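Chain by chain, the residues:
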Amino acid sequence: MAVDRRRFLGAVGVGAGLLMTEGVAEGSAEGVAEADDFAEARGEVRVYLGTYTTWTGGGAGLGVGAYDPATGRLRSTGVVRGVPNPSFAITAGRRVYAVNEQSAGSVTAFEVRDGVPKVLNTQSTGGADPCHLVLHRGHVLSANYSSGSVSVHPVRPDGSLGARTDLVRHKGSGPDPDRQEGPHAHQVLSDPTGEFVFAVDLGADAVFGYRLSAAGRLTEVSTARLHPGAGPRHLAFHPNGRFAYVANELDSTIVVASYAHGVLTPGQKLSTLPADAPTTPRNYPAEVLVSADGRFVYLSNRGHDSVAVFAVEQDGARLRLVEAVPVGGEFPRHLALDPAGRFLLAANQNSNAVTTFAVDRESGRLRLTSTFTAPIPVCVAF
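Residues numbered from 1 in each chain as written. Predicted model: local features only at pLDDT ≥ 70, side-chain atom pairs only at ≥ 80, totals over all residues. Heavy atoms only, no water.

Visitor: Even after reading the chapter, I still don't get the pairing of strand β18 (residues 243-248), so can you show me in this structure?
Guide: Along any regular strand the residues' side chains alternate between the sheet's two faces. Taken across its 6 residues, β18 has 6 buried, putting it largely inside the fold. Side chains Phe 243, Tyr 245 and Ala 247 of β18 all project onto a buried face; the interleaved residues Ala 244, Val 246 and Asn 248 project onto the opposite face, where all are buried too. Where strand β17 (residues 232-237) lies against β18, 5 bridges are found, and the strand directions are antiparallel. Residue Pro 232 lies in a different strand from β18, and its bridge partner there is Asn 248. Where β17 folds back on β18, the antiparallel hairpin that results is connected by 5 residues, among which Gly 241 adopts a positive phi of roughly 75°. In the sheet, β18 pairs with strand β19 (residues 253-260) via 6 bridges, with the strands oriented antiparallel. Looking at the pairing, Asn 248 lines up with Thr 253 of β19. Between β18 and β19, which pair antiparallel one after the other, the connecting turn spans 4 residues, and Ser 252 there sits at a positive phi close to 55°. (Buried < 20%, exposed > 50% of the residue type's maximum accessible area, 1.4 Å probe, protein only. Helix = DSSP H or I, 4+ residues; strand = E, 2+ residues; numbered from the N terminus. Pairing = 2+ DSSP bridges.)

Spelled out as structure tokens, the structure:
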């Protein structure tokens, strides 16, 4: 089987056992129940850790951990075994949804019963390598990277997933011959109003906006075109709902876009790296997020291995680079702010570590406080 550019990049430094087995989610949660009872008594918060199960050195399934909101520290409490390549997960109350990033892509639904996550069911996404998903208007939407498509599954009353109701295939390409030969959907997310949903496509240099009907069908309402070769990967909205920030994986830039009524309009573009940053190894921005108060934007730099901190200016219309702090690991993929906004966690894929940073609320600057070892961590979901 040919190894595509996405899998090659992800495998750098971790050893690529890329036999993408199409496993079935069994859903046995080893060691979770007893540990979670203890975690609750200690005031800890449950977290889920995404990984790759088919890569050498990867995890055995969806990781489960406990987070101490007072110190920012993580500890492992078990794993939901038999869930293949759960590289991204989201939570909704007692329910959890995770992609299964493999060539025959699927998405798995879980419910937490008596402190233990149990698999409800798994549904095919109809695409290859789903890498992101969102819960939007009673449906789970998944972004299929390799096939450049977005799938839709209704959520049943018990939290399980119904049969797919739609599969939208993007069109477009870009100038990068290795990564932009065709569309590659990399993220799907709701706008702040919950009226529209957006799919960020690295291969097409575009962000597609949709409306979702009650029947689970997508209708395209807008297309925001990024500059050629940008490779948009993820975006995050400002809390005021009037701006969004697009992280571009292929040219190490972040773009500020104005937003209104389902339409994104790209504006300011700036580098995610300091002016004196080395040109090698090549850098690949990944996650972008905004602080709850809207004052700061954070972005992970893979290659430069840093977290870029931007100050938000002019009510969200402009960004200014404050610092790019060393992440304390290699290839930081996913970032997450804890619910209180006191700590930022970085999942460092190629060094098997999740690093925690204390956030200075006044300056936005970060200070490394702890490191947690985990097998190929690529997502942290509270």
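Visitor: Explain the sheet that holds strand β9 (residues 130-136) here, please?
Guide: Pairing between sheet strands relies on hydrogen bonds along the backbone, with the strands arranged either parallel or antiparallel. Pairing in this open sheet of 4 strands is antiparallel, and the strands run β9-β10-β11-β12 from one edge to the other. The open sheet has two free edges, formed respectively by β9 and β12 (166-169), since each of these has just one partner strand. Averaged over all pairs of adjacent strands, the angle between their axes in this sheet comes to 20°, without regard to strand direction. Bridging between strand β11 (residues 149-154) and β12 involves 4 bridges; their strand directions are antiparallel. The residue of β12 that forms the bridge with Val 152 is Asp 166. (Axes fitted to C-alpha atoms, helices over the stretch in contact; angles between N-to-C directions.)

Visitor: I keep staring at the sheet that holds strand β13 (residues 185-190) and nothing clicks. Help me out?
Guide: Across the sheet, 4 strands lie side by side as β13-β14-β15-β16; this open sheet has antiparallel pairing. The sheet is open, and its two borders are formed by β13 and β16 (218-225), each paired with just one other strand. Looking at each pair of strands side by side, their axes are set apart by 25° on average, direction ignored. Bridge count between strand β15 (residues 206-212) and β16: 7 bridges; the pairing is antiparallel.

Visitor: Please clarify how the pairing of strand β23 (residues 306-313) should be interpreted in this entry.
Guide: With 7 of 8 residues buried, β23 lies mostly within the body of the structure. Note: strand β22 (residues 296-302) against β23, 6 bridges, orientation antiparallel. Paired with Tyr 298 across the strands is Val 309, a residue of β23. Between β22 and the antiparallel strand that follows it, β23, lie 3 residues; Gly 303 among them carries a positive phi value of about 115°. In the sheet, β23 pairs with strand β24 (residues 318-326) via 8 bridges, with the strands oriented antiparallel. Across the sheet, residue Val 309 finds its bridge partner in β24, namely Glu 323.

Visitor: Sorry, what's going on with the side chain of Ser 142 here?
Guide: Tracing the backbone shows Ser 142 in strand β10 (residues 139-144). With near-sequence residues (within four places) excluded, Ser 142 lies in contact with Val 107, Thr 125, His 132, Leu 133, Ser 149, Val 150, Ser 151 and Val 188. (Contact = heavy atoms within 4.5 Å.)

Visitor: Teacher, can you tell me more about the packing of aromatic side chains here?
Guide: A ring pair, where both rings are aromatic, is described by two values, the distance of the centres and the angle of the planes. The tally for this structure, following the rule as stated, stands at 5 aromatic pairs. Each ring, one from Tyr 52 and one from Trp 55, has its centre 4.1 Å from the other, and the planes form 10°; the classification is stacked. Ring plane angle 55° and centroid distance 6.0 Å describe the contact between Phe 198 and Phe 237, whose orientation is recorded as tilted. A residue pair is termed long-range when its members are at least 10 positions apart, and Phe 198 in strand β14 (residues 197-201) and Phe 237 in strand β17 qualify at 39 residues. With respect to burial, Phe 198 and Phe 237 carry one shared label: buried. Through pairs of rings, three or more aromatic residues link up here, namely Phe 198, Phe 237 and Tyr 259. (Phe/Tyr/Trp six-rings, centres within 6.5 Å; stacked < 30°, edge-to-face > 60°.)

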